[in-house]
Amino acid sequence: MRKAQVGETVKLSGWVFRRRDHGHFLFIDLRDHYGITQVVFHQERPFFDAATRLRYESVITITGKVIARDAATVNPTMATGDIEINVLEITVQSMAEQLPILVDGMEESPEDLRLKYRFLDLRRDKLHKNIILRQQVINSLRRRMTDGGFMEFQTPILTSSSPEGARDYLVPSRIHPGHFYALPQAPQQFKQLLMVAGFDRYFQIAPCFRDEDARADRSPGEFYQLDIEMSFVTQDDVFEAVEKVVHGTFVEFAKKQVDDIPFKRITYADSMLKYGSDKPDLRIPIEIRDVSALFAESGFQAFKSAVAAGSVVRAIPVQKIADKPRSFFDKLVEFAQSVGSKGLAYLVWTGDAAAPVKGPLAKFLTPEQVASLSSQCGVQAGDAVFFVCDKKDVAAKIAGEIRKKVAKDLDLIDVNVFKFAWIVDFPMFEWDEENKCIAFSHNPFSMPQGGMEALLTKNPLEINAFQYDIVCNGVELSSGAIRNHVPEIMYKAFEVAGYGPEVVDRKFGGMINAFKLGAPPHGGIAPGVDRMVMLLADESNIREVIAFPMNQKAQDLMMGAPGEVTDKQLRELHINIDPKIVAEMKAEAAARAAATAG
RNA sequence: GGAGUGGUAGCUCAAUUGGUUAGAGUACUAGCCUGUCACGCUAGGGGUUGCGGGUUCAAGUCCCGUCCAUUCCGCCA
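The present account deals with the structure reproduced in this document. (Residues numbered from 1 in each chain as written. Chains lettered and ligands numbered in written order. Predicted model: local features only at pLDDT ≥ 70, side-chain atom pairs only at ≥ 80, totals over all residues. Heavy atoms only, no water.)

## A look at the sheet that holds strand S16 (residues 357-358)
- Taken together, 5 strands build an open sheet; the order of strands is S13-S14-S17-S15-S16 and the sheet is antiparallel. Of all the strands in the sheet, the pair left with one neighbour each is strand S13 (289-290) and S16.
- For strand S15 (residues 345-349) and strand S17 (residues 384-390), the ladder comprises 4 bridges, and the chain directions are antiparallel. The residue of S17 that forms the bridge with Val348 is Ala384. (Pairing = 2+ DSSP bridges. Helix = DSSP H or I, 4+ residues; strand = E, 2+ residues; numbered from the N terminus.)

Below is the structure:
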C-alpha cells in the first residue's frame, strides 16, 4: 500500500496491531505479513461503536479509500506513513480474547508461554523476520548447491538404529513385534550409499533426530543440516566447494563483515593449545601459550612437581588489565575453580624496573624467567598473564574457558565480524578413561591419515583422521570427513577400537557390503542450517530461528508432545508399559497439575 | 544426573531491616476526547506472592522440602 494508490478503493485484511481511539474517530494500525497500514474509522459509520471494541490481535477485513495524509500527519517512521485508509466497510473475521503474551512487545515474555502460544509469538516482528530469514537462507543454500552441480535427494525418515553416536529416537514396529525403527541422527549411511550408487554430488536439507539434552545452540529433538557428499574428492576439494556456498550465503545475508575465502585452517592440536577448544572463537584477541618447560625449572614447587608428573602449564596473556581492582582477579580465580581448576595463578607486569612483576607467583621466578615469559607471551607493562596447571586436556579446557570469560568481561569480542576457520587433523582415536580402552574419537567411517599403513605401524592415539569441522565465532557449524571406503581398512580401524569384523558386518552390514562391490573414494560435510541462521539473525538462542521448537525438556508445549496414547495403540505395537512406571507417571502428572493450578 | 539464576495481577516489574489493606506500567471493562501513530484523560474489575511445611506476635521477605523455567556441566559418532 503506497502513495501511488491514492484514490483507489482497496480491500485489506489483517490483525489489529495498535488502536488509537479519539472518540469521534478511531485509528487502527492493521498488520499483515507484509507490513502495517493505518486505517481510519469515522463516527458517522454504523460500525463505529463495534470497531472501538475490537481487541488487540482480532482479525478484520476492511474496504476503504486510500487517502494521502496531510503533510502534518505523515508518519515518516512507517513505510506506509504517507497514506491511510478511510474505512467504508468492515468484516470482523475473528475477535481475539485477552492475550497471554504481547505481540507489540519490546517486553520479553517467559519462554514457556511463548512456546505454548508459539503462533502468537511468531506474529512478533523479530520472530516473524527470523523465520523469513530462515526460509531465504535455505533457498539460497539450495540454489547455490544446485548451481554447483549438486543433486538434492530424499532419504528415509524411518530407518535402523545405529550403534554409534547419540541416543536414537525409536519407533516401534507393528508388523515385527519387539523390533524398532530409528529416526536418522543424520542421513550418513544413505548419502555414502548414494555415492556408491554412482551419484557423485549429493545434497539435502536434511532433518536429523537426536535424543540428547538441549543447549542454547542445540534444540532437542530435531534439527536441520545442509548435508553434502562428493565422490572422487580430496579434503581440499570439499573445502573449496563448501566454502563457496557458506561464504556466499553469509555475504548475502550477513550484516557483519565476513572472512574472505579460503578460510583459515587450524589443526586440532593447535586449536586446543592456542584457544583451549576445538571450536575457537577467533574474534577473541588472546592466544594461550604453553610454558610448561619454564615452570619445570622454576622455584614454584606446585607447578614444578606437577609438570614433572606429566601436567602442563598454560599461560593466558591479557593486555592492559593491570589497573583492574583486586576483586577482578579474585572473581576470575573463583570462575577458574567453578570450571574445574585447582586454582588460578597470575602475574601482573608493573613496568617497575626493580620489581617488574607482582602477584602470587612473582617471588618464585628469576628475572630471566620473567623476561622469558614477557617475550613468550608478548606482554609488557600494564598486562597480566594467568596460569593454569593440570593434565594436558584439562588445562587446555580450563584455559579456554578463562580466555572466553576474560574476553566477555572485558568486552574484547568484535561483534561486527564473522570469523571462520576449518579445524583439521582431528585424532582418529582417543583414550576412553571410563572403559580403559581405545575408542573412536569422532566418526568411525572417517579415513585415517596414512591409511592401512598408519593403522598397522603407528600408535593409534597419534593417528589423525581426514576429519574436519567448520567453526564460526565459536560455534561449531558442521563436521565432516573423507570417508573410509576400503573394507580392509574399515575392519582394521574397528579392530583397533576393539571390535571384531563380525561387529562391523552386523552393525554396518549394508554399508560394508556396498564397499565390497565397487565404492568410489568420497567425503562430505553437513553444516547446521539452524546454527547458520542463528548467526545470521544475530540470535544467541537457536529456538529464536525455529518456528516450532521444543523446550529444554524436549516437550512441545503447544501440541502437548510427547503425550500418552491409547491402550489399543500400545497393544497393536506390542508394547506393555510397566505398571510401576504408569504409577510414577500419574503421580508426576498430578504434581504438575497442582503446580500449574497454583 | 549435577551446579547457578529466577518464579509476586493476563503480561513486564516494584515492595527498605521481617511490620498498615502487596503497588506501578501495560492489557481488560466502562466513560471522555476531531489527527493520533507506544495517542491522551477519568474510573473500575483483577492476587492461594509456584506448591507444601517450619521459625515468629507478625513472612512476598528468613529456613527446609518440592515443582516449573532457563543457562552451564555430563551427553551430543
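## Things to note about the packing of helix H10 (residues 326-338) against helix H12 (residues 392-409)
- The interhelical angle for the contact between H10 and H12, taken along N-to-C directions, is 145 degrees, at an axis separation of 10 Å. Seen from above, H10 lies across H12 with right-handed handedness. Residue-level inspection shows Phe328, Leu332, Phe335 and Ala336 of H10 in contact with H12, the latter providing Glu401, Ile402, Lys405, Val406 and Asp409. (Axes fitted to C-alpha atoms, helices over the stretch in contact; angles between N-to-C directions. Left-handed = near helix turned anticlockwise from the far one by under 90°. Contact = heavy atoms within 4.5 Å.)

## Looking at the environment of Ile132
- Mapped onto the elements of the fold, Ile132 is located in helix H4 (residues 125-147).
- Residue classification places Ile132 among the partly exposed positions, given a relative accessible area of 30%.
- C-alpha of Ile132 to C-alpha of Val545: the two residues are 413 residues apart in sequence and 9.3 Å apart in space. (Buried < 20%, exposed > 50% of the residue type's maximum accessible area, 1.4 Å probe, protein only.)

## Details of the protein's contact with RNA strand B
- Surrounding RNA strand B, one finds 51 residues, the nearest of these being His24, Thr73, Glu84, Pro110 and His442.
- The sugar-phosphate share of atoms of RNA strand B within 4 Å of the protein amounts to 59%.
- Arg210 has a polar side-chain atom sitting 3.2 Å from a phosphate oxygen of RNA strand B.
- The separation between a phosphate oxygen of RNA strand B and a polar side-chain atom of Asn541 is 2.6 Å.
- Sorting the residues of the surface near RNA strand B by element identifies strand S1 (9-21), strand S2 (25-32), helix H2 (111-116) and helix H19 (579-597) as the ones contributing at least two each.
- It is S1 that provides the largest number of residues to the surface near RNA strand B, a total of 4 residues.
- A per-class count over the surface near RNA strand B returns 13 nonpolar, 17 polar and 21 charged. (Near = heavy atom within 4 Å. Polar contact = N/O pair within 3.5 Å; in protein donor to acceptor, adjacent residues only side chain to side chain. Nonpolar A, V, L, I, M, F, W, Y, C, P; charged D, E, K, R; others polar.)

## Observations concerning the pairing of S1
- Relative to strand S4 (residues 59-68), S1 runs antiparallel, the two sharing 7 bridges. Each residue of the ladder has a partner; that of Lys11, found in S4, is Thr63.
- Pairing between S1 and S2: 6 bridges, direction antiparallel. The partner of Arg20 across the bridge, within S2, is Phe27.
- Joining the antiparallel neighbours S1 and S2 is a turn of 3 residues, in which Gly23 adopts a positive phi near 85 degrees.

## A word on the pairing of S15
- Of all the 5 residues making up S15, 5 are buried; the element is thus mostly covered by neighbouring parts of the structure.
- Side chains Ala345, Leu347 and Trp349 of S15 all project onto a buried face; the interleaved residues Tyr346 and Val348 project onto the opposite face, where all are buried too.
- One ladder, built from 2 bridges, connects S15 with S16; its direction is antiparallel. When the bridges of S16 are listed, Trp349 appears paired with Val357.

## A closer look at unusual backbone geometry
- Here Ile261 and Pro262 are connected by a cis peptide whose omega angle stands at 0 degrees.
- A cis amide bond links Ala561 to the next residue, Pro562, at an omega of -5 degrees.
- By the element assignment, Pro562 lies in the loop between helix H17 (529-536) and helix H18 (567-572).
- Unusually for a residue other than glycine, Phe232 sits at a positive phi of about 55 degrees.
- Position of Phe232 relative to the elements: it lies in the loop between strand S10 (221-231) and helix H6 (235-253).
- At Asp411, a position not held by glycine, the phi torsion is positive, near 60 degrees.
- Topologically, Asp411 is positioned in the loop between H12 and strand S18 (417-418).

## Some remarks on the sheet that holds S4
- With mixed pairing, the 5 strands of this closed barrel are ordered in space as S1-S2-S3-S5-S4. Sheet twist, expressed as the mean angle between neighbouring strand axes with direction ignored, is 55 degrees.

## Notes on the nonpolar core
- Counting residues in each nonpolar core, the largest one holds 68 residues, and the members touching the most others are Leu226, Ile228, Phe250, Phe418, Phe420, Trp422 and Phe429.
- Among the elements that make up this core, the one with the highest residue count is H6 (7 residues).
- Not counting the four nearest positions on each side in its chain, Phe420 is found in contact with Val246, Phe250, Val258, Asp259, Phe263, Lys264, Leu282, Ile470, Val471, Cys472 and Leu477.
- In terms of nonpolar packing, the next biggest core, distinct from the first, is built from 26 residues, Leu344, Tyr346, Val348 and Ile398 among them. (Core = buried A, V, L, I, M, F, W, Y, C linked by side-chain atoms within 4.5 Å.)

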